[in-house]
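The primary structure of each chain is shown beneath.
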Amino acid sequence: MSKEFTDTSKFLSYVLRHEPHAIGITLDSEGWADVDALIAGSKAAGRELDRELIQAVVSSSDKKRFALSDDNRRIRAVQGHYTDSVAIRHVAKEPPTFLYHGTATRFLDSILAEGLRPGQRHHVHLSEDMSTATTVGERYGKPVILRVEALRMHQQGFRFFQADNGVWLVEQVPANSLTPLDN
Ligand code: HQG
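(A) Representation of the overall build of the chain. Summing up its helical and strand segments, the chain has six helices and nine strands in all. Taking 183 residues into account, the globule formula puts the C-alpha radius of gyration at 16 Å, and the chain, at 17 Å, falls close to it. Expressed along its principal axes, the backbone C-alpha trace of the chain runs to roughly 50 × 30 × 25 Å. Buried positions account for 43% of the 183 residues belonging to the chain. The contacts in the chain between residues at least 6 apart in sequence include a share of 72% that link residues at least 24 apart. Here the chain displays about 10,000 Å² of accessible surface, and carbon together with sulfur accounts for 48% of that area. Taken as two groups, the 22 positive and 24 negative side-chain charges of the chain have centres that lie 2 Å from each other.

If you want it as structure tokens, here you go:
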């Protein structure tokens, strides 16, 4: 991705997940923002966006972080929200036997004591493949992969969701459903 795309993607993540008020826009409970309002608010905040750039960033995002509505008038982040004003009604779904979470080794003791917590986001994020988990964990230091007994948790009543970009979401993972994998 070019620097312009990466910068724009980070900016969109910030306003569509964290701080829509920073540019004077609101998100509905499903996370949607009006594209024209986004462009106008961004301009007022000193950032030039247009529909072509937004469209290009949405379609080239490596993780498919954003989605446009069918009529292209609205945009949202598909997961990863921090703001309390958004509560996307994801459809609960049966997960595969195992899912994976990548984290940094320095968090391991705490995670094995209290389980995985969502932190400031709405959910704990899990992936179907280990390579994604490694990439996620590397953001915070030396990575370690935790294997999550997802299907067993589902059978115990935990509700799993899958965002439009394939990321699996769950409110928490108890420590007894986690196994750290050797590198
Ligand atoms: C850790 C990015 C101590 C957790 C990525 C993680 C992902 C604990 C950090 C998405 C803990 C939270 C999400 C506990 C959890 N004690 N540490 N009990 N429970 N943690 O960034 O999963 O680029 O909020 O292991 O690619 O790292 O934003 O979550 O290290 O898909 O689209 O607390 O964000 O995608 O960190 O990443 P995060 P995450 P985007």
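(B) Structural view of the domain arrangement of the chain. Segmentation of the chain into domains returns domain 1 (3-77) and domain 2 (99-181). Taking only C-alpha atoms into account, the centre of domain 1 sits 27 Å from that of domain 2.

(C) Main features of helix H1 (residues 3-18). Between its terminal C-alpha atoms H1 stretches 22 Å, which fits the 22 Å expected from 16 residues at 1.5 Å a residue. Residues of H1 that are buried make contact with strand S1 (33-34), helix H2 (35-44), helix H3 (51-60), strand S2 (66-68) and strand S3 (74-77).

Basis of the calculations
Residues numbered from 1 in each chain as written. Predicted model: local features only at pLDDT ≥ 70, side-chain atom pairs only at ≥ 80, totals over all residues. Heavy atoms only, no water. Helix = DSSP H or I, 4+ residues; strand = E, 2+ residues; numbered from the N terminus. Rg over C-alpha atoms; globule rule 2.2 N^0.38 Å. Buried < 20%, exposed > 50% of the residue type's maximum accessible area, 1.4 Å probe, protein only. Contact = heavy atoms within 4.5 Å. Areas by Shrake-Rupley, 256 points an atom, 1.4 Å probe, with all protein chains shown as cover. Lys, Arg positive; Asp, Glu negative; His and termini not counted. Charge placed at Lys NZ, Arg CZ, Asp CG, Glu CD. Domains from an automatic or database assignment. Expected span 1.5 Å × (residues − 1).

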